[in-house]
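# Coordinate analysis (summary)
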Amino acid sequence: MVNFNSIKELIELAKERKTTIGKITMEYEQEHSFESEEHMLKSMQDNWHVMQESIERGIANKDKSLSGLTGGDAVKIYAHRDDSYTGRTVMTAAASAVGVSEVNAVMGRIVACPTAGSCGIVPAAIKTAAEKNHNTEEEILDALFTAAGIGLVIEANASIAGAYGGCQAECGTAAGMAAGAMVQLAGGTPDQVGHAVALAIKNLLGLACDPVAGLVEVPCVKRNGFVSVHSMVAADMALAGVESVIPVDEVIDAMDRIGRSLPRTVKETAEGGLALTRTGKEISKRVFG
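Here's what I pulled together on the structure shown here. (Residues numbered from 1 in each chain as written. Predicted model: local features only at pLDDT ≥ 70, side-chain atom pairs only at ≥ 80, totals over all residues. Heavy atoms only, no water.)

### Things to note about the side chain of Ser-159
The topology assignment puts Ser-159 in the loop between helix H7 (137–157) and helix H8 (162–165). At a separation of 3.0 Å, a polar atom in the side chain of Ser-159 contacts the main-chain amide nitrogen of Ala-161. Leaving out residues up to four positions away in the same chain, Ser-159 has contacts with Ile-154, Tyr-164, Ala-169, Thr-173 and Met-255. (Helix = DSSP H or I, 4+ residues; strand = E, 2+ residues; numbered from the N terminus. Polar contact = N/O pair within 3.5 Å; in protein donor to acceptor, adjacent residues only side chain to side chain. Contact = heavy atoms within 4.5 Å.)

Laid out in structure tokens, this is it:
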């Protein structure tokens, strides 16, 4: 029977069995859900198709959200790809992540991975990486299971909820999931996956969750774009041989402790941070009266 409580255990299981973290996660899910391998793969394939659809809709979306705060920015970022400082690959990821988050804001269909507030990061990073590496769908699904395994460990040992741990819990977790998956898509080792997760999360520790007017729009939508790029840098560092000085599970433990110590004003309450700026308060008054 497969069981793990830490990223280290996931890595050791993958190395011991000479397989991927994704395969270990899928076996774990099979055993705990009593579903067949075919069912698990079909379920993940369905998720992947929804992710792709939300990206395609997002990078073409010009609709504004009901609040009027977001909508149409992914189109602008996507159009700027070839003139950008960072390059086509990076801007494609940023546009895709913003696009998925804009689809969420207009009540479109997305995959919450791990949450709706961070829904653009994993799909954007994986789709961009897979296109660059020419990965097969089988490899993409395996990488998504790797991301899922990382998310499971973080949820068990810290939190994926902004209301509990700040945005480090939502976007930070998504960054770790995306970075680990991208390392696997590039042919990296399980150890490199772990370092990518650690590098991605530890550089987002303490990130506030301060949505203006309490809506998952400002700064959430554009933050998805920034964090998708952040996860790509973490993956590249790990693939280059950079190792995290602090082990990944200790990073997750630190994220939990920081999350618990953050004031409630920056835990999705709209009582602090950007939500309490002059403009933030004016927006809240305009939206809610």
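### What about the nonpolar core?
Phe-4, Ile-7, Val-122, Ile-126, Leu-144, Ile-154 and Ile-252 are the most contacted members of the largest nonpolar core, which has 65 residues in total. No other element matches the 11 residues that helix H9 (residues 167–185) contributes to this core. Not counting residues within four places of it along the chain, the set of residues in contact with Val-122 comprises Cys-113, Leu-144, Ala-174, Met-177 and Ala-178. Counting residues in each nonpolar core, the second largest holds 5 residues, with Val-100, Val-103, Ile-110 and Cys-119 among its members. (Core = buried A, V, L, I, M, F, W, Y, C linked by side-chain atoms within 4.5 Å. Buried < 20%, exposed > 50% of the residue type's maximum accessible area, 1.4 Å probe, protein only.)

### Re the packing of aromatic side chains
Each aromatic ring pair is summarised here by two numbers: the centre-to-centre distance and the angle between the ring planes. The tally for this structure, following the rule as stated, stands at 1 aromatic pair. Relative to Tyr-28, the ring of Phe-4 has its centre 4.6 Å away and its plane inclined at 45 degrees; by these criteria the two rings are tilted. Taken together, the residues span a long stretch of sequence, with Phe-4 in the segment before helix H1 (7–16) and Tyr-28 in helix H2 (residues 21–33) at a distance of 24 residues. Side by side, Phe-4 and Tyr-28 carry an identical accessibility label, which is buried. Geometry around Tyr-78 places Arg-81 over its ring, the cationic atom sitting 3.7 Å from the centre. (Phe/Tyr/Trp six-rings, centres within 6.5 Å; stacked < 30°, edge-to-face > 60°. Lys NZ or Arg CZ within 6 Å of the ring centre and 35° of its normal.)

### Section: the pattern of salt bridges
In a structure, side chains of opposite charge can pair up when their charged atoms sit close to one another. On inspection of all chains with the given rule, the structure shows 13 salt bridges. Glu-27 is paired through a salt bridge with Arg-17; the nearest N and O atoms lie 3.0 Å apart. Here Glu-27 is found in helix H2, whereas its partner Arg-17 is found in the loop between H1 and H2, with 10 residues between them in sequence. Given a relative accessible area of 29%, Glu-27 falls into the partly exposed group. (Salt bridge = Lys/Arg side-chain N within 4 Å of Asp/Glu carboxyl O.)

### A closer look at the state of the cysteines
Evaluation of the coordinates by the stated rule reveals 0 disulfides. The thiol sulfur of Cys-167 is not disulfide-bonded, and the nearest other cysteine sulfur, from Cys-171, lies at 3.6 Å. Since its relative accessible area comes to 8%, Cys-167 is described here as buried. Cys-209 carries a free sulfur, and the closest cysteine sulfur to it, the one in Cys-167, is 5.4 Å from it. (Disulfide = S-S within 2.5 Å.)

### Some thoughts on a nonpolar patch on the surface
Together, Val-233, Met-237 and Val-242 make up a nonpolar patch on the protein surface, roughly 220 Å² of accessible area in all. Looking at the element boundaries, Val-233 is found in helix H11 (residues 220–239). (Patch = residues over 30% accessible without salt bridge, like charges linked within 9 Å, V, L, I, M, F, W, Y side chains within 5 Å. Areas by Shrake-Rupley, 256 points an atom, 1.4 Å probe, with all protein chains shown as cover.)

### Points about the environment of Val-103
Looking at the secondary structure, you find Val-103 in helix H5 (residues 88–105). According to the relative accessible area criterion, Val-103 is buried, its value standing at 1%. Along the chain, Val-103 and Ser-118 lie 15 residues apart, while their C-alpha atoms are 12 Å from each other. When sequence neighbours within four positions are dropped, the list of residues in contact with Val-103 reads Ser-54, Arg-57, Gly-58, Gly-108, Arg-109 and Ile-110.

### Quick word on unusual backbone geometry
Residue Pro-114 is reached from Cys-113 by a cis peptide bond, and omega for that bond is 5 degrees. As for its placement among the helices and strands, Pro-114 is situated in the loop between H5 and helix H6 (121–133). In this model, Val-218 is joined to Pro-219 through a cis peptide bond whose omega is 10 degrees. Positive phi, close to 60 degrees, is recorded for Ala-270, a residue that is not glycine. You can see Ala-270 is positioned in the loop between helix H12 (248–261) and helix H13 (278–288). With a relative accessible area of 22%, Ala-270 lands in the partly exposed category.

### Quick notes on the packing of H2 against helix H3 (residues 37–58)
Across the interface, H2 lies against H3 with an axial gap of 10 Å and an inter-helix angle of 115 degrees. In terms of their interaxial angle, H2 and H3 are classed as roughly perpendicular. By crossing handedness, the relation of H2 to H3 is classed as right-handed. Contact residues: Met-26, Glu-29, Gln-30 and Ser-33 in H2; Glu-37, Met-40 and Leu-41 in H3. For the contact of H2 with H3, a count of residues per class yields 3 nonpolar, 2 polar and 2 charged. (Axes fitted to C-alpha atoms, helices over the stretch in contact; angles between N-to-C directions. Parallel < 35°, antiparallel > 145°, perpendicular 65-115°, else oblique. Left-handed = near helix turned anticlockwise from the far one by under 90°. Nonpolar A, V, L, I, M, F, W, Y, C, P; charged D, E, K, R; others polar.)

### A closer look at H3
Helix length check: H3 (22 residues) gives 31 Å between terminal C-alpha atoms against 32 Å at 1.5 Å per residue, within 8%. Among all positions in H3, only Met-40, Met-44, Trp-48, Val-50, Met-51, Ser-54, Ile-55 and Gly-58 are buried. The buried residues of H3 occupy one face: seen down the axis, they fall within an arc of 160 degrees. At its buried positions, H3 is contacted by H2, helix H4 (73–79), H5, H6 and H7. (Expected span 1.5 Å × (residues − 1). Arc of directions from axis to C-beta.)

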